[in-house]
Each structure stands twice: as structure tokens, then as C-alpha cells.
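Fold and geometry: a report
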Protein chains: 2
Amino acid sequence: MVKYIQPIEKLIRQFGRLPGVGGKTAQRYALSVLDMSETDAEEFAEAIIQAKQNVKICPVCGNFTDVQPCHICATRDNGTICVVKEAKDVLAIERLGEYKGVYHVLGGVIDPLHGVGVEDIRLAQLFKRLSGDVNEVILALDATAEGEATSTYISRAVKTYGIKVTRLAQGISIGSELQYTDEVTLSRAFTNRKEI
Amino acid sequence: MVKYIQPIEKLIRQFGRLPGVGGKTAQRYALSVLDMSETDAEEFAEAIIQAKQNVKICPVCGNFTDVQPCHICATRDNGTICVVKEAKDVLAIERLGEYKGVYHVLGGVIDPLHGVGVEDIRLAQLFKRLSGDVNEVILALDATAEGEATSTYISRAVKTYGIKVTRLAQGISIGSELQYTDEVTLSRAFTNRKEI
């Protein structure tokens, strides 16, 4: 198999480690780096190093941070904890600009088929936070089988602390047509119908 | 607009400069770097720096190289020059393992609509190479309008040196069905039909 010279092959291999990047794409990325100016390439490399060195996990909530504890934990209402799967979800909720409480990033959901058990995600850390003046835990996990199972597990545990547990509403998405809504969603929307 | 902390945003911006990478993909790549071990991230950054520093353009043929002139120019039959658009094309031909001559990488094709003129690609360098003992120039450019125009331009110029100019055969792709072959290809295949 004919290959590029070694430094290019190395770079292609590195790009190939990014999620969803196959051989052709990795090659395209690597060649585009060779097209960059020396300064641009250095900035790129520097951004990787800087991000890796400066981005830490907040010891309280598990979100990305460069200060400890993170600015959300430090400045917001600690009485409400919103539990999410990953840091990306925090960003999605923050964009709404409505939520004033703090977060707890699990770093995954319980998924026995892929070997993710109760002790593999930040559950113990969540339960440790409950012994304060927390009055509500909001479950904002994905509406997948694993997310649901994790929600059920957490809700049972949190209730033993006598703390209110809520979850995000499930139902038909705004703007979606009834005929294209999947059966599970439709059935859930029927069960949870609200008097108006 | 809510954003990630600065080092992550910077990294997302850097990934966003790769070809065909939009905001969501850049975010995914950046977060995957944060998931890497420190060593892995350093290797990634190092590969970028190393590639940028060590990969040079061969002054003779324009291909990527880490020695000067490149190992193809240094060791192969300089009597035949195969003209290609970019370094990737060299690799495609080298994979065949059949061609024994040298290459000339243009770094683009003449494309006035996108502001690429005769002096923007490595044409002068090609013509300079012709004053040796070159006996054939093979045009292996893309079968696009721009590739064809560039082939015509080069072939006219090379002929003035009294050197044989050939181009890759055009016709129906091996394994393709006649009914799905586009009209231009089919018409070209008819015109260039060969007695068997």
C-alpha cells in the first residue's frame, strides 16, 4: 500500500481518532492543515494543548470549568439541581436563559449492555450533594431506554431523602405533525394529557 | 448566546476551520479532545506541528516531501512527466504501481471563474523542466471543464517543445452500465471508439 510520507501519515492517523472520521476525511483534514500558514497550524496545536491543560471538571457539578468550583456552582441557587447526561446538555439548557439553579453532570447514563453500571457515572457525587438544603432535583436525561432507566433509578434514590423529584415533560414536539409522531411518543402524550 | 468556557470555544473555532466542518461537528471534535488522555492530546498537537514543519514541497515536482528533491524525482525515469492537479492524485497513480516516470503537481487547474489564472498554478515550473531529455508529458487532470481547459493549454505549450503529449483515456468506467452513463461520457466513448 502506497502512503504519504511519514509526518503526513501520522497526522492522518491523529485526525482519524476523532469521532466519525474515516480515512478519506482524516486525509482531507491533514492536507488542509498543510495548506494552513505556519502560524495558523501552531495556533491549532496550541488550542489543543491549552484546552487539555486548562479545562477541568468542576468537582461539584461535573461540568467543564476553568475555575473551581465552576461559575454556575459558585453563583446560582443551590436549592435546585438539574441532572443531565453530559456537558453539552448544560449548554442546551443554559441557552434558554430560564433556569436559575445548578447542574449535575452524570457523564453518562446507566447502560448495562455497554458495560456502564451505577458506579461508572457520577451518581455517588449526586447523592452526596443532597444532604444540604436541596429542595428539588430535576431529571433532564435523554428520552431513551437508558435515560429512562437512569431517571427511575435516581428518582427512587432521591425520594428516600424526602426531596421533590421532577422530570422534563414528554409529549409531542412543538411544530411536529401528529401523523409523523412515533407511537411511543403519541401514547405517552395521551397518557399525560392535560386539562385545559 | 451561551457558550462554553474560553479554551473550549477556542478549540471549537480551530476545528471549525477544517474543510466541511460546521459548528456541531467542531463542537463534537473539541469535546472528544477533552476526553483524550493528556498524552494523546499532546501527540495530536505534536503531529500538527511536526507535519507543518517537516513536510515541504519538492522544488522540482511540487509533491509533498521531507527530502529535497523528493524520492520520486531522485530515483525515477525523468524522461516521462505525468502532470496532475494535486498531491492526492500522485498517490492514486502510485497505488497502481505501474507508472515508472516522475510527476508534476500543478497545485490547481486554470479556473477563471474562481480567479485561478495561468500564473497561479505551477505551469512555469513545468515548462522549465521540458528543456531536458523529456520525451513524453502525460496529462492526468480531472475530466472537468477546468481540467480539460488546463490540459488543452498545457498540450499546446508542450507541443512547441516538440515533445509528445498524451492524456489519460476517457470513456465508460469499468463496471458501469451503459444506461446510467452520462451523455457526455457516452458521446466521448463513441468518438474515441477503438477497433478490436
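Look above for the structure.
This section reports on the structure supplied with the text. These numbers come from a predicted model, not from an experiment.

1. Considering the side chain of Q27 of chain B
Residue and element names in this part refer to chain B. Position of Q27 among the secondary structure elements: in helix α2 (residues 23-35). The class for Q27 is buried, based on a relative accessible area of 16%. At a separation of 3.3 Å, a polar atom in the side chain of Q27 contacts the side chain of Y4.

2. Description of the pattern of salt bridges
For the structure shown, the criterion picks out 15 salt bridges over all chains. The closest approach of N and O atoms between R17 of chain B and E43 of chain A, which form a salt bridge, is 3.9 Å. Separated into two different chains, R17 of chain B in the loop between α1 (6-15) and α2 and E43 of chain A in helix α3 (residues 38-54) make up a pair that spans both. Judged by relative accessible area, which is 36%, R17 of chain B ranks as partly exposed. Between K85 of chain A and E86 of chain A there is a salt bridge whose closest N-O contact spans 4.0 Å. The class for E86 of chain A is partly exposed, based on a relative accessible area of 33%. Through salt bridges with shared partners, a single network forms among R17 of chain A together with D40 and E43 of chain B.

3. Quick look at the interface of chain A and chain B
Listed by partner, the interface residues are 50 residues for chain A and 50 residues for chain B. When chain A packs against chain B, close to 4800 Å² is buried across both sides, 73% of that on carbon and sulfur atoms. One can count 4 salt bridges joining chain A with chain B. The salt bridge involving D40 of chain A is made with R17 of chain B; its shortest N-O contact spans 2.7 Å. Where chain A touches chain B, the interface holds 7 residue pairs in polar contact (both at pLDDT 80 or more). Mapped onto the side of chain A that touches chain B, the elements with two or more residues apiece are α1 (6-15), α2 (23-35), α3, β2 (64-65) and α5 (87-96) of chain A.

4. Describing the nonpolar core
Judged by nonpolar contacts, the single largest core of 50 residues is most densely connected at F15 of chain A together with F15 of chain B. Looking at this core, the elements that each hand over two or more residues are α1, α2, α3 and α5 of chain A together with α1, α2, α3 (38-54) and α5 (87-96) of chain B. With residues near it in sequence (within four places) discarded, F15 of chain A still touches V21, A26, Y29, A30, V33 and F44 of chain A together with F15, L18 and F44 of chain B. Within the second largest apolar cluster, 34 residues are counted, among which are C58, I110, L139 and A140 of chain A.

What counts and how
- Residues numbered from 1 in each chain as written.
- Chains lettered and ligands numbered in written order.
- Predicted model: local features only at pLDDT ≥ 70, side-chain atom pairs only at ≥ 80, totals over all residues.
- Heavy atoms only, no water.
- Helix = DSSP H or I, 4+ residues; strand = E, 2+ residues; numbered from the N terminus.
- Buried < 20%, exposed > 50% of the residue type's maximum accessible area, 1.4 Å probe, protein only.
- Polar contact = N/O pair within 3.5 Å; in protein donor to acceptor, adjacent residues only side chain to side chain.
- Salt bridge = Lys/Arg side-chain N within 4 Å of Asp/Glu carboxyl O.
- Contact = heavy atoms within 4.5 Å.
- Buried area = accessible area lost by both parts, 1.4 Å probe.
- Core = buried A, V, L, I, M, F, W, Y, C linked by side-chain atoms within 4.5 Å.

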